[in-house]
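# Per-entry structural report
The primary structure of each chain is shown beneath.
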Amino acid sequence: MAALYEGYTLCGLVPDQNLSSSGIQGIEEERDRDHVVVTDSTRSVTLYKVSDQKPLGSWTVKQGQKLTCPAVFNSQTNEYVAVTDNKVIRIWKEDDILLDKAFKATVSSDVWKVHCTHGGEPVVLFQRGAVRLLDSLLAAPQQPIEEVLAQEETIRWSTIIVAETQQFIIITTEQKGEHFLYLQRLNPNSVQRYRLEREEPGLSPLSFSAIYKDKHICLLYLYPNGHMYQSVLSVRGLGTEEGVQALPLPRSLLLGLPVGDGQLEAASAMALDEAHVAVVGVPHPSAGGGKDFLCIWNTNFQTLQAGKEMAGKIYGQLWSYSNKVFIPHGKTLSIIPFECPKSSLASALGKLKHTKTEGELNQTCHTLRTTRKSQSTTNLTTDQVLELIKTAPVEEIQKEVEGFLTRSEFQDLQPSVGQLALTLVSRSLADPAFYSSSTLAQLVHTRCLCHSVCPDLVLLALEKKDYFLCQLCLQFFPDIPEAVTCACLKTRAEDKKKASAPSQLICPVGLHKAVLINEILQTPYSDTFLLPHLKDLSSQNVMLFLQYLQFLYLKYSQDAFPQMEGFRSPSLSQIMDWVCLLLDAHFTVLVMTPEAKGLLLNLHSFVKSQVRLVSELGKIEGSLQQLHKMKAKESIGQYSIEIIELF
Amino acid sequence: MGEFKVHRVRFFDYMPSAIRTMAFNSQTERLAVARADGAVEIFNFNDNFFQEKVIPGQDGRAIEALCWVGHRLFSAGLNGEITEYDLENLRPQYTVDAYGGPIWTISSNSQGTQLAVGCEDGTVKIFAILEERIQFQRNLNRHKGRIISLCWHPSSAQIAAGMTDMITIYDAETGQATRRLLVDRAMGASKNKEVVVWSVGYLSDHTIISGDSAGKVQIWNGLTGTLVRTYLVTKWDVLSLIINASQDESSVIAGTSEGTVIQFQFISSTLDQHDKEWVRTRTFRNHSHDVSALAHTDTAVVSGGMDTQLVVRPLLDKVEKNTQESALRKIAFPHRSLVGCAKKAGLLLFQFPDRLELWKLGESEGHGEQHTHTHTLGEDHICCSALSACGGWLAYSTVSSVRLYRIQYNKTISINKVPKLPKELRSVHQLCFSSDSSKLFASSCQSSVIVVAVSQQECRYLHTLKHKTGEWKARMHLLCASDDGKWLATANTDCEIHIYNLHKMKLHCMVPVYNSCPTTIAIHPVTNNLISVHADQQIFEFSLVQKEYTQWSRRLQTQGLLSLWLERDTPITHITFNPKNPDHIILHDTYMFCIIDQSLPFPELNAVLWNQMTLKNLPVSQRIGQSHAFKICKIFQHLMCVSLLEDLSLVVVERPLLDIMSQLPAPVRQKKFAT
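Residues numbered from 1 in each chain as written. Chains lettered and ligands numbered in written order. Predicted model: local features only at pLDDT ≥ 70, side-chain atom pairs only at ≥ 80, totals over all residues. Heavy atoms only, no water.

Under an unreviewed UniProt entry, the name given to chain B is UTP4 small subunit processome component, and the organism recorded is Oreochromis niloticus.

Chain A is annotated in an unreviewed UniProt entry as Nucleolar protein 11 from Oreochromis niloticus. One UniProt comment on chain A, placed under Subcellular location (unreviewed entry), says "Nucleus, Nucleolus". (UniProt positions renumbered as here; feature names shortened; annotations may be inferred.)

Spelled out as structure tokens, the structure:
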């Protein structure tokens, strides 16, 4: 799963008075991954070492002059290139102190931006769409610059991309509410013009982002209505004729982001890799209408992978270099490291360790109902039972619920059982004196309940120390969150009665607790979600739990472990998984705890023996598989007399 | 069809000998295979890979290399001799001592005028190939260390010789070594173990390809003497290596001790590039042991080695897919019968290269009473043997002599050699007794059959049957006499079948020549029809009286045999008949035996050939409608012989391939399953 880590501040910002702009024009990578050049929107360029969060140098142009494009770093010559007042190209080195004394050249047309890839030559993009390599431009600065764009067509966004060895400049423009895209190949130069499909009238793309993958350029753009589109451009077969004709650019809807109230204003989306997109300025789906979030979405599964609230105003600006997002917000420029591991459905959904088949469920439910048929008294409807639950005493409720369950068909049971459980739980929570364990247990037994329907049930059972109900819930609920699992574990452990000097072969917990812990061990979980909650356990608890796991392991290792019929016991691999998880979560603490030393040594030897066992099994795997294939063959001697029949 | 009592015999400990080397003649499409016991087998790749000739081995004749020169076959071995074979009479024609110690390799130049042999004493000796013999010409400059492998340059101007730790290139004219290529030793602990260049190849463009004991296949530039490329293909030895020299020299295969065969091809590594290089392309894993012999035909890789099986692996880019041609073929058993069966006496005769075993079948179930007699012979190996139906006579032949024994069986078995055989019985290829055991037929050289009368008192020469006077040389590999003693049928490797009238002692007729070699023939005891089965699995029935194919045979040819029958890859090696039901013909190959019921209709072309299971599950009344002429039984596997005794019980001699495998030495250690 993708993750956003704790961020840090690179520098403060001096935003506009009305907070419309962040005050930063651009951030460009410098000599390596750890250096960036930040250009503010007025006069200065600053070089930062990112890991140290400190400026290494800063250059400012004279009062009255203005930087009109972000400075870029030419790694071929170790020079910085920027443009002041649209027409003056400035080039300087790191040890130049005064910018005014550095090289400058005035060109004949207004410059939009200077682009430079790492290791590549800077490319100058003019406001009227023409493109020049910096060197060839400086050879004759006053050379005439052609107009590529039509009248009233203006550049909205541009970038440079390296596809294999070829450099491409991508330009998006707007002309009378229509949007176009130019794909300009350099050296040899050729350009292709595309027309972007119209979104709802009056909507212009808020942000663009382009990456190169699989021999195609992927363009990503976000509209204020939250629609994020992807268009794929082939870098091959680019027409040689100049892009007079605008080809339609096919697009596909990648994500429909929640926009909350109204439309997005300052938002930006940026492709991080093939499957992940960073989005800023879009509300978090589960955190109300606030738009000050940085989120990572997985576009393959359309799932939100990570989110982070950013304090202060979001300007809709976003840069990303070497697994770090640069985001100006409020009055700071923050750097947030992220990670986008290769996504898989399993990691996105967590692992479900065992599943019961539907047929089995029906069976259980059926038997439950038939056995209780005789007990029904009056025929109450769901609503009547619900009313009853709110006031009646425990015994009556129990009787009526039982009757209700026997009467209803399995299909109809689902919604009403949820309602019954909810009402029961809320009454129990409101009235500490009221608690109907057996009714709840009955409801859980129908297997129509799950944790999401009645989230307070397990916690209530824990509070009431109704371990049987807990156990039932753990057994039948497919969706118990890891946090609740841990809570069960914690209560369980805290509640321990001090076993006198727990030796390895004496169960360190009582029977009831053991049963509950066994149930916990068998609940489905996802490592990622469980781990943070496991860390909340005290080291005492962890010790006890590990001791119990050790006890279980030893029980399993003994030959002829009684696998009782109907006795739900965790599998050896579940035990080992939990041992590993607990050790992962608490290893540093345990290492420092003197009492834990023996335990750790024992566990170490278990792990070793497991590894050995697995490797030995691996060795004979092939032979064992052969056994499957083999048919039992009667042994044939050297000579026999047989009778065969032919037909 | 009914029940059969089956004597299931598994005590024939037949053990094929390891394949030592092989040579493929692309003009005649014949493959010569030499085995560790000195036997040389010739397979006809034009005729279903039929093993048409076997030259028996000899103790002490260890063949290291084979070489075709046109139609002539030469071998050389560790006894230091070069042998040319008489491929008609299946025996060594002459041997020449090279006087250089054991010979490791032999190779002829492309014109077929000279033979080069590599000797233990470090000399490469050149022999001139003359019309009827070879003659020593000269030695190339001598080196210290043995010459393990040789290859002529196609221009015949140079010879590359693989030695220990190096390859030497000789000028064939002057005999001077012009270049030495030093071969790296294996890495690691075995660094001080010298490396043996087991095999070299020399291409027209002066590329030299070598395979060595350090597991490397190396490509050298022979002009500059530089190493171009090294492929480490195994941890063990690269034992054999061969170029598809008859084609464009664009493919090389190498066999390793691990049982793999690795193909290298001279191709451009990317599609749009023109400069080609040698690239490792395919790996075939069809052997469990050393692959010491390889041949590269136009369409297939042929390999053999320690595990005794000959494997023909078609290259799928050269043959049409999903046809019989593209099927992998493993030849594990000889294409002739090594078992003799005395039907009246219940005796079995097993032929080994160096001995014969005689067994008596048991009388009652479970109590197989076996009398065995093993006879060990001289240094020449046995080429054929015969047991008379009454069990009273046993004859066998080596390349040089024939022996006849009288067997007497009362409580104990006694075997007595018959002295003083007629001098005409010298070198024979096939032996056969008449059904009343009064005559012995022996196919001899010049395509003649010698008839000898055998009786208690004497063994007397009667007659020599010849179908033609003159120079007809094809040898007879099959003989069979009719039960009534009137007919004798012979078949030769030129696919001809001749019928002799034994009453008149002269040729009766010749069966029309079919283009595939007969693998077995038999004369029906009642109808006197000749049944012949050929290498392409076709079956014919020829009436000896009417001198024409029978109606049944014509119908079979018109309707055609099922493809499942035709695609079987082992030949029918034996036919017997059911004396109680003349409609039944019993024949077998390695994997099944089949009773053909001539009274039943042939299977339709879309019918199931092997329908015994279906029939078994049908009620008796419906079986008739479903059954067809071919009753196939696959219960017994890897059949060496199926025969019907006089008491109507079947004798089935099995030799499971697994039993053969289990007697092989342990293969080289390979890492498997994390061991």
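Further notes follow.
## What about the overall build of chain B?
If you tally the helices and strands in chain B, you get five helices and 55 strands. Expressed as a percentage of its 675 residues, the buried residues of chain B come to 58%. Summarising the internal contacts of chain B: among those between residues at least 6 apart in sequence, 47% fall at separations of at least 24. Carbon and sulfur atoms make up 49% of the accessible area of chain B, which totals about 27900 Å². (Helix = DSSP H or I, 4+ residues; strand = E, 2+ residues; numbered from the N terminus. Buried < 20%, exposed > 50% of the residue type's maximum accessible area, 1.4 Å probe, protein only. Contact = heavy atoms within 4.5 Å. Areas by Shrake-Rupley, 256 points an atom, 1.4 Å probe, with all protein chains shown as cover.)

## Concerning the sheet that holds strand S24 (residues 276-280) of chain A
All names here are of chain A. Spatially, S23-S24-S25-S26 is the arrangement adopted by the four strands of the open sheet, whose pairing is antiparallel. Looking at strand neighbours, the two that pair on one side only are strand S23 (268-271) and strand S26 (303-309), the edges of this open sheet. On average, each strand axis in the sheet is inclined to that of its neighbour by 20°, with strand direction left out of account. Pairing between S23 and S24: four bridges, direction antiparallel. Bridging across to S24, Ala 269 finds its partner in Val 279. (Pairing = 2+ DSSP bridges. Axes fitted to C-alpha atoms, helices over the stretch in contact; angles between N-to-C directions.)

## Quick word on the pattern of salt bridges
On inspection of all chains with the given rule, the structure shows 31 salt bridges over all chains. Across the salt bridge formed by Asp 317 of chain B and Arg 282 of chain B, the nearest N and O atoms sit 3.4 Å from each other. Of this pair, Asp 317 of chain B sits in the loop between strand S28 (310-314) and strand S29 (329-331) while Arg 282 of chain B is found in strand S25 (residues 277-285), placing the two residues 35 residues apart along the sequence. Residue Asp 317 of chain B is classed as partly exposed on the basis of its relative accessible area of 47%. Close ionic contact of Asp 589 of chain B with Arg 568 of chain B constitutes a salt bridge, the shortest N to O distance being 2.4 Å. With Asp 589 of chain B in the loop between strand S51 (584-588) and strand S52 (593-597) and Arg 568 of chain B in the loop between helix H2 (563-566) and strand S50 (574-577), the pair connects residues that are 21 residues apart, well separated along the chain. Of the two residues, Asp 589 of chain B and Arg 568 of chain B, both sit in the buried class. Several salt bridges converge on common partners, so that one network encompasses Glu 642 of chain A together with Arg 8, Arg 10 and Glu 654 of chain B. (Salt bridge = Lys/Arg side-chain N within 4 Å of Asp/Glu carboxyl O.)

## With respect to the nonpolar core
Where a protein is soluble and globular, its nonpolar side chains tend to be buried together. Of all hydrophobic cores here, the largest spans 78 residues; its most connected members are Leu 457, Leu 534, Leu 546 and Trp 578 of chain A. Among the elements that line this core, the one with the most residues is helix H13 (residues 539-557) of chain A, at 12 residues. (Core = buried A, V, L, I, M, F, W, Y, C linked by side-chain atoms within 4.5 Å.)

## Some words on the sheet that holds strand S3 (residues 24-29) of chain A
Residues and elements named next belong to chain A. Sheet architecture is open: four strands sit in the order S3-S4-S5-S6, paired in antiparallel fashion. Across the chains shown, the open sheet's two edge strands, defined by having one partner strand only, are S3 and strand S6 (54-60). Within this sheet the neighbouring strands show an average axis-to-axis angle of 20°, counted without direction. Where strand S5 (residues 44-49) and S6 come together, six bridges link them in antiparallel fashion. Looking across to S6, one finds that Lys 49 is bridged to Lys 54.

## So, the interface of chain B and chain A
Each partner contributes residues to the interface: chain B has 32 residues there, and chain A has 15 residues. At the boundary of chain B with chain A, total buried surface from both sides reaches about 2200 Å², with 62% on carbon and sulfur atoms. Counting the contacts that link chain B with chain A gives one salt bridge. The salt bridge partner of Arg 8 of chain B is Glu 642 of chain A, with a shortest N-O separation of 3.1 Å. Across the chain B-chain A interface, the total number found is seven residue pairs in polar contact (both at pLDDT 80 or more). Only strand S1 (2-9), S52, helix H3 (612-617) and strand S53 (630-633) of chain B provide two or more residues apiece to the side of chain B that touches chain A. Element by element, the count of residues in the side of chain B that touches chain A is highest for S1 of chain B, at eight residues. (Buried area = accessible area lost by both parts, 1.4 Å probe. Polar contact = N/O pair within 3.5 Å; in protein donor to acceptor, adjacent residues only side chain to side chain.)

## Thoughts on the confidence of the model for chain B
All names here are of chain B. In this model, chain B carries a mean pLDDT of 88, and residues with pLDDT of at least 70 account for 96%. In the model of chain B, strand S33 (residues 372-376) stands out as the element of lowest mean pLDDT, 60, in contrast to strand S3 (residues 30-35), which has the highest, 95. Here the complex is predicted with pTM 0.57, and the ipTM for its interfaces comes to 0.79. (pLDDT = per-residue confidence, 0-100.)

## Section: the environment of Phe 126 of chain A
Residue and element names in this part refer to chain A. Take Phe 126: it is sitting in strand S12 (residues 123-126). Given a relative accessible area of 0%, Phe 126 falls into the buried group. Considering only alpha carbons, one finds Phe 126 and Lys 113, 13 residues apart in sequence, at a separation of 6.9 Å. Non-local contacts of Phe 126, meaning those with residues more than four positions away in its chain, are made with Val 107, Ser 109, Asp 110, Val 111, Trp 112, Arg 132, Leu 137, Ile 145 and Ile 155.

## So, unusual backbone geometry
Residues other than glycine predominantly adopt negative phi, and peptide bonds predominantly adopt the trans conformation. Residue and element names in this part refer to chain B. Despite not being glycine, Leu 90 has its phi angle at roughly 55°, a positive value. In this fold, Leu 90 is placed in the loop between strand S8 (81-86) and strand S9 (91-97). If you check the backbone angles, Ser 437 has positive phi at about 60° while not being a glycine. As for its position among the elements, Ser 437 is in the loop between strand S38 (428-433) and strand S39 (439-444).

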